[in-house]
Amino acid sequence: VALFGSVARKEANDDSDIDILVVGTEPVPLKGLTLPDSCSPARTTWKRMEAPGAQQYAFLTAIASEAVMLHDPKGKLAKAFAKMSAPEPEEIAADYAGVLRRLGNYDHLGRFGGLYLFLFGDCYRFSKGAIISASAHVGEPQAKREEAWAWFAKRHPERARDIKTVRSIEPHYLLTMNKGNTDDLPFPARDCHDVAKRVLAAAKRIVVTCAADAAAL
């Protein structure tokens, strides 16, 4: 069991979750475990640690530098982090293609009746995830959200407008994660078709750019 995230980095505040990684021979069932409401567990297996998929490799690589071992009596988890093998290029490309397909589910904005909260949440989530993944794939893993955005902005100044567009809906993303409230929104997430269209296009460009970074390796 390893601790990661803001608590591990000693940057937590009253609203922070306690992020833990639980590794077992099989996915560890959470049912029946007594966990505080603020605990946000992630699970994987030893087999997946040995050969993680593209997305999980990026996730594990990003947290490896900050992980605090809570229960690793024989050092097995620490060694597993060190021995992870990177996924094949085809798998990485397929992972980004899958993200773009999921964003493509929002292409027909008229279907949503002017309600765009979850579109905003997914656009932010997938953009942030793609950036963190790309940073790991190019060997410069960024586990912190702010540092990941800063890393991408420095690497791709041509995406400055897209970054600003997607980051403007961060409060909407936090609301979908139950970490914010409507008073924090810079604008309502309804009847804003033009904004939704811009955000979706910006998110797609960010993901495509991240995919190109990974493919260039």
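Residues numbered from 1 in each chain as written. Predicted model: local features only at pLDDT ≥ 70, side-chain atom pairs only at ≥ 80, totals over all residues. Heavy atoms only, no water.

A. Structural detail: the overall build of the protein. Broken down by element type, the protein carries nine helices and four strands. The helix and strand sequence of the protein, counted from the amino end, reads β-β-β-α-α-β-α-α-α-α-α-α-α. Computed over C-alpha atoms, the radius of gyration of the protein comes to 18 Å, within 12% of the 17 Å expected from 2.2 N^0.38 for 217 residues, which places it in the range of a compact globule. Principal-axis analysis of the C-alpha atoms places the extent of the protein at approximately 55 × 40 × 30 Å. The 217 residues of the protein split such that 44% are buried. Residue pairs in contact within the protein that sit at least 24 positions apart in sequence constitute 60% of those at least 6 positions apart. Distance from the positive charge centre (29 side chains) to the negative charge centre (27 side chains) of the protein: 3 Å. (Helix = DSSP H or I, 4+ residues; strand = E, 2+ residues; numbered from the N terminus. Rg over C-alpha atoms; globule rule 2.2 N^0.38 Å. Buried < 20%, exposed > 50% of the residue type's maximum accessible area, 1.4 Å probe, protein only. Contact = heavy atoms within 4.5 Å. Lys, Arg positive; Asp, Glu negative; His and termini not counted. Charge placed at Lys NZ, Arg CZ, Asp CG, Glu CD.)

B. Representation of the side chain of aspartate 122 in the model. For aspartate 122, the position within the fold is in helix H5 (residues 117-137). Residue aspartate 122 is classed as buried on the basis of its relative accessible area of 18%. In this structure aspartate 122 touches Leu103 and Tyr106, once residues within four positions along its chain are discounted.

C. The arrangement of the pattern of salt bridges in detail. Throughout the structure, instances matching the rule amount to 11 salt bridges. Among the salt bridges present, the one from aspartate 122 reaches arginine 125, with a minimum N-O distance of 2.3 Å. Separated by three residues within a single helix, aspartate 122 and arginine 125 lie in helix H5, roughly one turn from each other. A relative accessible area of 26% means that arginine 125 is categorised as partly exposed. (Salt bridge = Lys/Arg side-chain N within 4 Å of Asp/Glu carboxyl O.)

D. Geometry of the layout of surface pockets. Taken as a whole, the largest pocket encloses approximately 1600 Å³ of empty space. Looking at the largest pocket, it is lined by 44 residues, and the ones nearest its centre are Asp19, Lys128, Ile132, Tyr173 and Lys179. Mapped by element, the contributors of at least two residues to the lining of the largest pocket are strand S2 (18-24), strand S3 (39-45), helix H2 (54-64), helix H4 (89-104), H5, helix H6 (145-155) and helix H8 (170-176). Per element, the largest residue contribution to the lining of the largest pocket is seven residues, and it comes from H5. (1 Å grid on protein atoms, 1.4 Å probe; cavity = no way out; pocket = protein on both sides within 12 Å on 5 of 7 lines; lining within 4 Å. Points joined across faces, edges and corners; volume = space filled by probe spheres on them.)

E. Summary view of the environment of glycine 121. Residue placement: glycine 121 occurs in helix H5. Considering only alpha carbons, one finds glycine 121 and alanine 203, 82 residues apart in sequence, at a separation of 11 Å. Beyond its immediate sequence surroundings of up to four residues, glycine 121 is in contact with Tyr173 and Thr176.

F. Inspection of the sheet that holds strand S1 (residues 2-4) at higher detail. The four strands lie next to each other as S3-S2-S1-S4, forming an open sheet whose pairing is mixed. Both edges of this open sheet fall to S3 and strand S4 (68-69), since each of them pairs with a single strand only. Pairing of S1 with S2, which is carried by three bridges, proceeds in the antiparallel orientation. Within the sheet, the bridge partner assigned to phenylalanine 4 lies in S2 and is aspartate 19. (Pairing = 2+ DSSP bridges.)

G. Inspection of the environment of alanine 42 at higher detail. As for its placement among the helices and strands, alanine 42 is situated in strand S3. The exposure class of alanine 42 is buried, given its relative accessible area of 19%. Aside from chain neighbours lying at most four places away, what touches alanine 42 is Ile20, Leu21, Val22 and Phe59.

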